[in-house]
Amino acid sequence: MQDTIAAIATPPGRGGIAVLRVSGPDAIKITSEIFSARGNKALGDMPGYTVAYGDIADSGEILDDCILTLFRAPRSYTGEDVCEISCHGGDYISRRILSALIKAGARPALPGEFTKRAFLSGKMDLTRAESVIELIDAEGEQAMRLAHMAREGRTERIFDGIADTLISVAAAIGAYADYPDEDLGEADPVELAGQISAEIEKLDMLTSGYDAGQIIRRGVRTAIVGRPNVGKSSVMNRLAGTRRSIVSSIPGTTRDVVETDIFIDGVRFILSDTAGLRESADEIEQIGVSLSYEKMAGADIILCVLDSSAPLTEEDAALIKSLDGRKSVVALNKQDRDIVLTPADFPKGTNTVAISAETGAGMDDLTAALSAVCALPGTSDAMLIANSRQLDCALRAKASLEEAITALSLGVTLDAVSVLIDAALSPLLEITGRTVGEAVIAELFKNFCVGK
Ligand code: GDP
């Protein structure tokens, strides 16, 4: 029999309220021991989806007055009886209430244990469980939309659909092998190959958008690079609308990498203002410069800032050359001064935008150019694969199906083909958790927060 778990579900710190959750067969009994509803209302008599106002006490000492929301199995997040206590939002109060619940018989919940119970009681499949974390981690509208798509079961339906088709293909092959006298007719290899290819195509569609989906989920890493004093920090501050980076006319001021987030069209861009790229005798500045090269190497896109009031230096030219093959935007800054650099000074195809970080001119063009260079398609089913676990399963399934196609084309026995279809099925069933080992489940929920 399941035990009853309890946890503080809200983050530590001061707040209007904090919420504690209790879930399990004894949730109502345990909570009743520390909570007395005003008006002598008994928790045991309350129907699900109702609330009570009352006091929480520990060994006769009143700790807080709280609102208690009751959910009865199976109509709760976990599928079990659940009590949610909304108390005053202080760390001390919420910790005292948690220890009172534990004294009354609850066990402290492990990270993700509420969601794990929801999965185990059949309330959600693994992709929906993972979408809960995706939603909590979402930064920006598009990341939130992707999480909602999985939460409403789109990932589950697509993978289950592929698995179900493969199960019927395997069954058709099996029926002939198991009942050779029944005149079922051997499955036609060409028809089988057609059915399998159609499922491979779906897997291709799902895996092809993974990188773009991940960029939307984690944010576009954008390195701002350029010589010292061209206006990198000013551009970053303009984009962020804050004074995040130090602006100074002394070259070499930004030594560390300063990061800030901006949102363009609902997508998060993580801007890194790097140390100006130049040779320097200053050891600390040189460390900053190497960090800049590292940021540049790991960036999804590069925003190269140049001073358009000065001619190109050798360093500028080398930097522009290094942008070859990278997604980049070249900002011709300081347009408010006398201009010596124009787009005509750059190789064809260079993505230049004229701006002035000082006056703000051209900043809208710059954000539009950053968004365009990412070329992120809008959220779609192609981005549903949410993490490396799901991707790995999908790729394994695809590889086995491709082997099955090769086997069919070589005229291998259908028995052998059916082994390959089974091999594809197992990772597909693992994605949604229809069949999944305890180790995978433990690993997956380990990354959740306590109380979720
Ligand atoms: P960084 O070293 O590349 O980060 O450059 P900063 O942002 O610190 O700017 C260096 C100097 O250039 C500062 O004095 C800024 O005020 C100035 N600056 C930055 N952008 C512009 C601009 O668009 N026009 C003018 N006139 N000055 C600018």
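All values derive from a computational prediction rather than experimental measurement.

Rules behind the numbers
Residues numbered from 1 in each chain as written. Predicted model: local features only at pLDDT ≥ 70, side-chain atom pairs only at ≥ 80, totals over all residues. Heavy atoms only, no water. Helix = DSSP H or I, 4+ residues; strand = E, 2+ residues; numbered from the N terminus. Rg over C-alpha atoms; globule rule 2.2 N^0.38 Å. Buried < 20%, exposed > 50% of the residue type's maximum accessible area, 1.4 Å probe, protein only. Contact = heavy atoms within 4.5 Å. Areas by Shrake-Rupley, 256 points an atom, 1.4 Å probe, with all protein chains shown as cover. Lys, Arg positive; Asp, Glu negative; His and termini not counted. Charge placed at Lys NZ, Arg CZ, Asp CG, Glu CD. 1 Å grid on protein atoms, 1.4 Å probe; cavity = no way out; pocket = protein on both sides within 12 Å on 5 of 7 lines; lining within 4 Å. Points joined across faces, edges and corners; volume = space filled by probe spheres on them. Nonpolar A, V, L, I, M, F, W, Y, C, P; charged D, E, K, R; others polar. Core = buried A, V, L, I, M, F, W, Y, C linked by side-chain atoms within 4.5 Å. Near = heavy atom within 4 Å. Polar contact = N/O pair within 3.5 Å; in protein donor to acceptor, adjacent residues only side chain to side chain. Phe/Tyr/Trp six-rings, centres within 6.5 Å; stacked < 30°, edge-to-face > 60°. Lys NZ or Arg CZ within 6 Å of the ring centre and 35° of its normal. Patch = residues over 30% accessible without salt bridge, like charges linked within 9 Å, V, L, I, M, F, W, Y side chains within 5 Å. Salt bridge = Lys/Arg side-chain N within 4 Å of Asp/Glu carboxyl O. Axes fitted to C-alpha atoms, helices over the stretch in contact; angles between N-to-C directions. Parallel < 35°, antiparallel > 145°, perpendicular 65-115°, else oblique. Left-handed = near helix turned anticlockwise from the far one by under 90°. Disulfide = S-S within 2.5 Å.

(A) A look at the overall build of the protein. From N to C terminus, the protein includes 15 helices and 13 strands. A globule of 452 residues ought to have a C-alpha radius of gyration of about 22 Å, yet the protein, at 29 Å, is considerably larger. Across its three principal directions, the C-alpha atoms of the protein cover 80 × 80 × 35 Å. A total of 452 residues make up the protein; the buried ones form 48% of that total. Sequence-distant contacts, at least 24 apart, represent 66% of the contacts inside the protein between residues at least 6 apart. As displayed, the protein has an accessible area near 21300 Å², and 53% of this comes from carbon and sulfur atoms. For the protein, the separation between the mean place of its 44 positive charges and that of its 66 negative charges on side chains is 8 Å.

(B) Fine view of the layout of surface pockets. The computed volume of the second largest pocket comes to approximately 470 Å³. Around the second largest pocket, the lining comprises 18 residues; the ones closest to its centre are E130, I133, D137, A386 and N387. Looking at the lining of the second largest pocket element by element, the count peaks at 4 residues for helix α4 (residues 126-137). For the lining of the second largest pocket, the class distribution of residues is 7 nonpolar, 4 polar and 7 charged.

(C) Representation of the nonpolar core. By size, the foremost hydrophobic cluster in this structure holds 41 residues, and its most contacted members are F159, I162, L166, L203, V417, I421 and L428. A total of 9 residues in this core trace back to one element, the largest contributor, which is helix α14 (residues 414-432). Aside from chain neighbours lying at most four places away, what touches F159 is L203, L206, I385, A394, L428, I431 and T432. F35, A37, L70 and C83 belong to the second-largest nonpolar core, a separate cluster that totals 28 residues.

(D) A look at the site of the ligand. The local shell around the ligand holds 18 residues, among which N229, K232, S233, S234 and D336 are the closest. Separating an oxygen atom of the ligand from a side-chain N or O atom of K232 is a distance of 2.8 Å. A distance of 3.2 Å separates an oxygen atom of the ligand from a polar atom in the side chain of S356. A total of 580 Å² of accessible area belongs to the ligand in isolation, and the protein chains cover 88% of it. At 3 residues, the largest contribution of residues to the shell around the ligand is made by helix α9 (residues 232-240). When the residues that make up the shell around the ligand are grouped by side-chain class, the tally is 4 nonpolar, 8 polar and 6 charged.

(E) Just the packing of aromatic side chains, in detail. Scanning all chains against the criterion turns up 3 aromatic pairs. Here the aromatic rings of Y49 and F71 are separated by 6.0 Å at their centres, their planes lie at 85°, and the arrangement is edge-to-face. With a gap of 22 residues between them, Y49 in the loop between β3 (35-37) and β4 (50-58) and F71 in strand β5 (residues 61-71) connect regions that are remote in the sequence. A residue is classified by how much of its surface remains accessible, and F71, at 19% relative accessible area, is buried. An aromatic cluster is present here, built from F119, F445 and F448 joined pairwise through their rings. If you follow R21 out to its NZ or CZ, it ends over the ring of F114, 5.4 Å from the centre. Cation over ring: K452 sits above Y77, and NZ or CZ is 4.5 Å from the ring centre.

(F) The arrangement of the side chain of D316 in detail. Mapped onto the secondary structure, D316 falls in helix α11 (residues 314-322). Separated by 3.0 Å, the side chain of D316 and the backbone nitrogen of T313 make a polar contact. Setting aside residues no more than four positions away along its own chain, D316 makes contact with R227, L306 and P311.

(G) Local environment of a nonpolar patch on the surface. Together, V51, Y53 and I67 make up an exposed nonpolar region whose accessible area comes to about 250 Å². In this structure, I67 sits in strand β5. Owing to a relative accessible area of 36%, I67 belongs among the partly exposed residues under this scheme.

(H) Looking closely at the packing of α4 against helix α5 (residues 141-151). Closest axis-to-axis distance for the α4/α5 pair is 8 Å, and the angle between their directions is 160°. On the basis of their axis angle, the class for α4 and α5 is roughly antiparallel. Considering the relative orientation of α4 and α5, their crossing is left-handed. Contact residues: T127, R128, S131, V132, E134 and L135 in α4; M144, L146, A147, H148, A150 and R151 in α5. Looking at the contact of α4 with α5 residue by residue, the classes come out as 6 nonpolar, 3 polar and 3 charged.

(I) Main features of the state of the cysteines. Counted according to the given criterion, the structure contains 0 disulfides. C449 forms no disulfide, and the closest cysteine sulfur to it belongs to C87, at a distance of 17 Å.

Purely geometric numbers; function is a separate question.
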